[in-house]
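Below are the chains, spelled out letter by letter.
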Amino acid sequence: QVQLVESGGGLVQAGGSLRLSCAASGRTFSSYFMGWFRQAPGKEREFVAAITWRGSTYYADFVKGRFTISRDNAKNTLYLQMNSLKPEDTAVYYCAARRGGNYYSPGDYEYWGQGTQVTVSS
């Protein structure tokens, strides 16, 4: 099993930056594909970014060029650097882990963190 704990959320003005972290338990973190999702009030959970165990990355179109996903397997930690934040980025951000399936599909992820709130003011 993998336990995930996010941190780094908060309130930031539009145009600002935040760095989210996701600490994973267990010794098999490096074997999991990892992803970030977000969910705004009244909306479905949506894909933000994903990274393979080798470091290949995938992004939703609305964050390309602004967000960067990375991982440190030695520290069992996943990151999401968010720059040029917009009010529409306001949501609860979740990290998740999977062994297979589609990187963009929430249903294919086996383990989830509790989420961290990101609020971007205009």
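Before reading on, note that the structure itself is shown above.
Predicted model only: the values in this text are computed from it and were never measured.

### Looking at the sheet that holds strand S1 (residues 4-7)
Then comes step 1: The four strands lie next to each other as S1-S3-S8-S7, forming an open sheet whose pairing is antiparallel. With partners counted over all chains shown, the strands left at the sheet margins are S1 and strand S7 (67-72), one partner each. Neighbouring strand axes in the sheet, compared pairwise and without regard to direction, differ in orientation by 15 degrees on average.
Then comes step 2: Pairing of S1 with strand S3 (residues 18-24) involves four bridges; the strand directions are antiparallel. Paired with Glu6 across the two strands is Cys22, which belongs to S3.

### Focus on unusual backbone geometry
Then comes step 1: Positioned with a positive phi, Asn76 is a non-glycine residue whose angle comes to about 55 degrees.
Then comes step 2: The exposure class assigned to Asn76 is buried, which follows from its relative accessible area of 18%.
Then comes step 3: For Ser84, which is not glycine, the phi dihedral falls at a positive 50 degrees.
Then comes step 4: Within the element layout of this structure, Ser84 appears in the loop between strand S8 (77-82) and strand S9 (91-98).

### Points about the state of the cysteines
Where two cysteines share a covalent bond between their sulfur atoms, that bond is called a disulfide.
Then comes step 1: Per the stated rule, a full pass over the model turns up one disulfide.
Then comes step 2: Each sulfur in the disulfide pair Cys22 and Cys95 lies 2.0 Å from the other. Across the disulfide from Cys22 to Cys95, rotation about the S-S bond amounts to roughly 50 degrees, and the bridge is consequently right-handed. Taken together, the positions of Cys22 in strand S3 and Cys95 in strand S9 put the pair 73 residues apart, joining distant regions of the chain.

### So, the nonpolar core
Then comes step 1: Judged by nonpolar contacts, the single largest core of 35 residues is most densely connected at Leu4, Trp36, Leu78, Leu80, Met82 and Tyr93.
Then comes step 2: At the level of secondary structure, the elements contributing two or more residues to this core comprise S3, strand S4 (33-39), strand S5 (46-51), S7, S8, S9 and strand S11 (116-121).
Then comes step 3: Ignoring any residue separated from it by four or fewer positions in sequence, one finds Leu4 in contact with Cys22, Ala23, Ala24, Met34, Cys95, Ala96, Ala97, Tyr111, Trp112, Gly113 and Gln114.

### Some details on the pattern of salt bridges
Then comes step 1: Considering all chains together, one arrives at four salt bridges under this definition.
Then comes step 2: We note a salt bridge from Glu46 to Arg38, for which the minimum N-O separation is 2.7 Å.
Then comes step 3: Residue class for Glu46 comes out partly exposed when judged on its relative accessible area of 31%.
Then comes step 4: When its relative accessible area of 6% is taken as the criterion, Arg38 is described as buried.
Then comes step 5: One salt bridge connects Arg66 with Asp89, and the closest N-O pair in it is separated by 2.7 Å. Here Asp89 lies in the loop between S8 and S9 and Arg66 lies in the loop between strand S6 (57-59) and S7, a separation of 23 residues in the sequence. Comparing Arg66 with Asp89, the two get one shared label, buried.

### Looking at the packing of aromatic side chains
The way to describe two aromatic rings as a pair is by their centre distance and the angle between their planes.
Then comes step 1: Evaluation of the coordinates by the stated rule reveals nine aromatic pairs.
Then comes step 2: Arranged with centres 5.1 Å apart and planes meeting at 55 degrees, the rings of Phe37 and Trp112 form a pair that is tilted. Placement of Phe37 in strand S4 and of Trp112 in strand S10 (residues 111-112) is noted, with a sequence separation of 75 residues between them.
Then comes step 3: By relative accessible area, Phe37 is classed as buried at 0%.
Then comes step 4: Seen from their ring centres, Tyr109 and Trp112 are 6.0 Å apart, and the 55 degrees between their planes marks the pair as tilted.
Then comes step 5: Given the relative accessible area of 5%, Tyr109 is considered buried.
Then comes step 6: Here the aromatic cluster, defined as three or more aromatic residues joined through ring pairs, consists of Phe37, Phe47, Tyr58, Tyr94, Tyr103, Tyr104, Tyr109 and Trp112.
Then comes step 7: The lysine or arginine in question, Arg45, covers the ring of Tyr94, its NZ or CZ lying 3.8 Å from the ring centre.

Conventions adopted
Residues numbered from 1 in each chain as written. Predicted model: local features only at pLDDT ≥ 70, side-chain atom pairs only at ≥ 80, totals over all residues. Heavy atoms only, no water. Pairing = 2+ DSSP bridges. Helix = DSSP H or I, 4+ residues; strand = E, 2+ residues; numbered from the N terminus. Axes fitted to C-alpha atoms, helices over the stretch in contact; angles between N-to-C directions. Buried < 20%, exposed > 50% of the residue type's maximum accessible area, 1.4 Å probe, protein only. Disulfide = S-S within 2.5 Å. Core = buried A, V, L, I, M, F, W, Y, C linked by side-chain atoms within 4.5 Å. Contact = heavy atoms within 4.5 Å. Salt bridge = Lys/Arg side-chain N within 4 Å of Asp/Glu carboxyl O. Phe/Tyr/Trp six-rings, centres within 6.5 Å; stacked < 30°, edge-to-face > 60°. Lys NZ or Arg CZ within 6 Å of the ring centre and 35° of its normal.

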